[in-house]
Amino acid sequence: MSIAITTQIICFIVLSLIVLVGALGVVLLESIVYSAFLLGGVFMSVAGLYLLLNASFVAAAQVLVYVGAVNVLIIFAIMLVNKKEDLKPINDIKSRRIISTLICVTLLSLLIRVDLTNVWNLASPQNSIGEESTIRIGEHLFSDYLLPFEVASVLLLMAMIGAIVLARRDVMTKDISTGLPVDQELIEKSSEPLLTNKN
Amino acid sequence: MEYGLDLEYSFNEFLKGFGLSSEIAHIIWLPLPMLLVLVAAVVGVLVTVWLERKISAAAQQRIGPEYAGALGVLQPIADGLKLLVKEDIIPAKADGILFTAGPILVLVPVILSWLIVPFGQNLLISNVGIGIFLWIALSSIQPIGLLMSGYASNNKYSLLGGLRAAAQSISYEIPLALSVLAIVLMTNSLSTIDIVNQQSGAGILSWNIWRQPVGFIVFWICALAECERLPFDLPEAEEELVAGYQTEYAGMKFALFYLGSYINLILSALLVSILYLGGWGFPIPVELIAKFLNLPINAPFIQVFTASIGIVMTVLKAYLLVFIAILLRWTTPRVRIDQLLDLGWKFLLPISLANLLITAGLKLAFPQFFGG
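Only a predicted model underlies this, so the values are computations on that prediction, with no experimental measurement involved. (Residues numbered from 1 in each chain as written. Chains lettered and ligands numbered in written order. Predicted model: local features only at pLDDT ≥ 70, side-chain atom pairs only at ≥ 80, totals over all residues.)

Caption draft 1: Fine view of the overall build of chain A. Counting its regular elements, chain A contains seven helices and zero strands. Its helices and strands in sequence order give chain A the pattern α-α-α-α-α-α-α, from N to C terminus. (Helix = DSSP H or I, 4+ residues; strand = E, 2+ residues; numbered from the N terminus.)

Caption draft 2: Layout of the overall build of chain B. Within chain B, the regular secondary structure consists of 16 helices and zero strands. Taking 21 Å as the expected radius of gyration for a compact globule of 372 residues, we find that chain B reaches 22 Å, a close match to that expectation. Expressed along its principal axes, the backbone C-alpha trace of chain B runs to roughly 65 × 55 × 45 Å. Of all 372 residues assigned to chain B, the portion counted as buried reaches 45%. (Rg over C-alpha atoms; globule rule 2.2 N^0.38 Å. Buried ≥ 20, exposed ≤ 12 C-beta atoms within 10 Å, placed from the backbone.)

Caption draft 3: Here's a closer look at the packing of helix α1 (residues 3-28) of chain A against helix α2 (residues 32-52) of chain A. All names here are of chain A. Running from amino to carboxyl end, α1 crosses α2 at an angle of 155°, the nearest separation of the two axes being 8 Å. One finds that α1 runs roughly antiparallel with respect to α2. Our pair here, α1 against α2, has a crossing hand that is left-handed. Each of Q8, C11, F12, L15, I18, V19, G22, A23, G25 and V26 in α1 lies in contact with α2, whose residues at this interface are S35, L38, L39, G41, V42, S45, V46, G48, L49 and L52. Of the residues contributing to the contact of α1 with α2, the split by class is 13 nonpolar, seven polar and no charged. (Axes fitted to C-alpha atoms, helices over the stretch in contact; angles between N-to-C directions. Parallel < 35°, antiparallel > 145°, perpendicular 65-115°, else oblique. Left-handed = near helix turned anticlockwise from the far one by under 90°. Contact = placed C-beta atoms within 7 Å. Nonpolar A, V, L, I, M, F, W, Y, C, P; charged D, E, K, R; others polar.)

Caption draft 4: Spatial organisation of unusual backbone geometry. A positive phi angle, near 70°, is found at N54(A), a position not held by glycine. Counting through the fold element by element, N54(A) comes out in the loop between α2 and α3 (56-80). Since 14 C-beta atoms lie within 10 Å of it, N54(A) is described here as partly exposed. Despite not being glycine, Q61(B) has its phi angle at roughly 55°, a positive value. Looking at the element boundaries, Q61(B) is found in the loop between α3 (31-59) and α4 (75-85).

Caption draft 5: Geometry of the interface of chain B and chain A. Counting residues at the interface gives 25 residues for chain B, matched by 23 residues for chain A. Broken down by secondary-structure element, the contributors of at least two residues to the side of chain B that touches chain A are α2 (22-29), α6 (131-139), α7 (142-152) and α8 (156-187) of chain B. A per-class count over the side of chain B that touches chain A returns 19 nonpolar, three polar and three charged.

Caption draft 6: Region of interest: the packing of helix α11 (residues 213-226) of chain B against helix α13 (residues 251-276) of chain B. Residues and elements named next belong to chain B. Viewed as axis vectors pointing N to C, α11 and α13 meet at an angle of 165°, and their least axial separation amounts to 10 Å. On the basis of their axis angle, the class for α11 and α13 is roughly antiparallel. The way α11 lies across α13 gives a crossing that is right-handed. Along its contact with α11, which presents F216, F219, W220, A223 and E226, the element α13 presents S268, V272, L275 and Y276. Within the contact of α11 with α13, the residues separate by chemical class into seven nonpolar, one polar and one charged.

Caption draft 7: Fine view of the environment of Q60(B). Residue and element names in this part refer to chain B. Turning to its location among the elements, Q60 is positioned in the loop between α3 and α4. Since 10 C-beta atoms lie within 10 Å of it, Q60 is described here as exposed. Through-space distance from the C-alpha of Q60 to that of L271 is 29 Å; in sequence the pair is 211 residues apart.

Caption draft 8: Structural view of α3(A). The end-to-end C-alpha distance of α3(A), which contains 25 residues, comes to 34 Å, matching closely the 36 Å that a straight helix rising 1.5 Å per residue would cover. Along α3(A), the helix axis deviates most sharply at N71(A), where the bend reaches about 25°. (Expected span 1.5 Å × (residues − 1). Bend = angle between axes of the 7 residues up to and from the residue.)

Caption draft 9: Fine view of the environment of L147(A). Relative to the assigned elements, L147(A) resides in helix α6 (residues 146-167). In the structure, L147(A) is positioned 140 residues away from T7(A) in sequence and 40 Å away in space, judged by C-alpha atoms.

Caption draft 10: Structural context of the nonpolar core. Judged by nonpolar contacts, the single largest core of 112 residues is most densely connected at I266(B) and V272(B). In contact with I266(B), not counting residues within four places along its chain, are A41(B), G44(B), V45(B), T48(B), A318(B) and V322(B). (Core = buried A, V, L, I, M, F, W, Y, C linked by C-beta atoms within 7 Å.)

Caption draft 11: Spatial organisation of the confidence of the model for chain B. When pLDDT is averaged along chain B, the result is 83; 97% of the residues meet or exceed 70. Taken element by element, chain B is modelled with least confidence in helix α12 (residues 238-241) of chain B, mean pLDDT 71, and with most confidence in α11(B), mean pLDDT 90. (pLDDT = per-residue confidence, 0-100.)

Caption draft 12: Representation of the confidence of the model for chain A in the model. In the predicted model, chain A carries a mean pLDDT of 80, and 77% of its residues have values of at least 70. Considering only residues more than four positions removed or in separate chains, one finds that residues 186-199 of chain A, a stretch of pLDDT under 50, has 13 contacts.

Caption draft 13: How the structure looks around the environment of L7(B). Residue and element names in this part refer to chain B. Tracing the chain through its elements places L7 in helix α1 (residues 7-16). Residue classification places L7 among the partly exposed positions, given that 15 C-beta atoms sit within 10 Å. Sequence separation of L7 and L123 is 116 residues, and the distance between their C-alpha atoms is 8.0 Å.

Caption draft 14: How the structure looks around α3(B). Residues and elements named next belong to chain B. Along its 29 residues, α3 runs 41 Å from first to last C-alpha, staying within 8% of the 42 Å computed at 1.5 Å per residue. The elements touched by buried residues of α3 are α4, α13 and α15 (300-331). Phi for Q61, located one or two positions after α3, is positive at around 55°.

Dropping the structure here:
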């Protein structure tokens, strides 16, 4: 076995371990801030897996979009609205956890089954396009994948309009979802201290 | 376009002469340029810190550091040593893990970005195809480190500084990427080598700054904002936030932030010189001079000479920009947060979008000048 292949296998094992452990941590950890930062780590290791597959453009795009934009905004939002709230204890927490675990395991087994039964049409390493993939992706985005690409931007536009509506509640007198009159003062004053008290 | 020195090839051939396999030779080669660039970056920081001290002194009619070495050149080393031996404090109520990981996350992407900085045709660590896009992607990781250290310090000033840093970095990344996109459009490539070669046709006349004046200014403003330099140093505004996300840091962890911000400044200056000022190109093309003097361009001594001119030119252009950045820092007041966001979203973003559109139009109209 050559040195290059050994390095690749080691990288693959390390990255997959980070993805698996990190993803479990995102779900299982109590602290939402730790979950958010771990999510960033998971996104980074997925980008690393893309790099191992010779898809450097996809890897960089993954870092830019998921780590640089999505994850930063998630952390940003968590820190802006980090209120210390005493949540009410839920009575049937155990049965809820069992049910959600069951659902997740079922989904996982379905995915594993798809992975095992499907015949994947893999290109041999000799045929991989490597650096040229940037150009190919561009061509596809502007020809046969143009419509999905543009529809995705409509989704982002909707999210943006939603954010503006939420942020500019003062222009509306009634809450959209509940129909109650909007508390105009709420926008101006921050009633809670920004930082939580750490235990 | 295979001309100029190829040190990697010569080195590998040299090692193969001792009977080593090409794989082993490659592994021995790999750390060398990385170490070299790391050392270059740190030395660059020392020089910039000294320049900052001296130029700020001149701007305020002081003398500045004088006793540590001639003209105070050893002052930055003394600063570094002081930070190195200082006690490393983690505040009692801070979050230890995140507090330690924050500065690392700020520094590592900046150093990784040096991967794509070319000092000559073959004088860079790796000519990756996605080139400049890699830098944009990597620089978007930094705000996570800033948010992390701001949160972990468990201090209101720190948290506000971290949030400001993230908001600023997200706002200015978009016009930055758009102005880079206009250059990429003209080059037909993301690789930094291709971007420089595209400007090497007629010396100073073919530099991108003449074809992209608006892009140049937008990029420079955004780069300063990404580096958190005054007039955009709101995240650490000392009069309002003590020192922003750095407030609780001491010793080597603080030094990592310090190092990160200066390496980022030099990196931005280098990238401006690569994108807009012809990279390693001499104002008059070296090939033209060689032809004028009847010298063969492929002769070894000419190649060594052109390579050293290339390195000198890149560093010179970068330090000229660093000088402008330092002058700006010591002569301009800080903008307010609303002015900062207004400038980013309401001015730079539309301007860079228009610049991109006009570049695309000009490329279609005059393909010989704007890269067909």
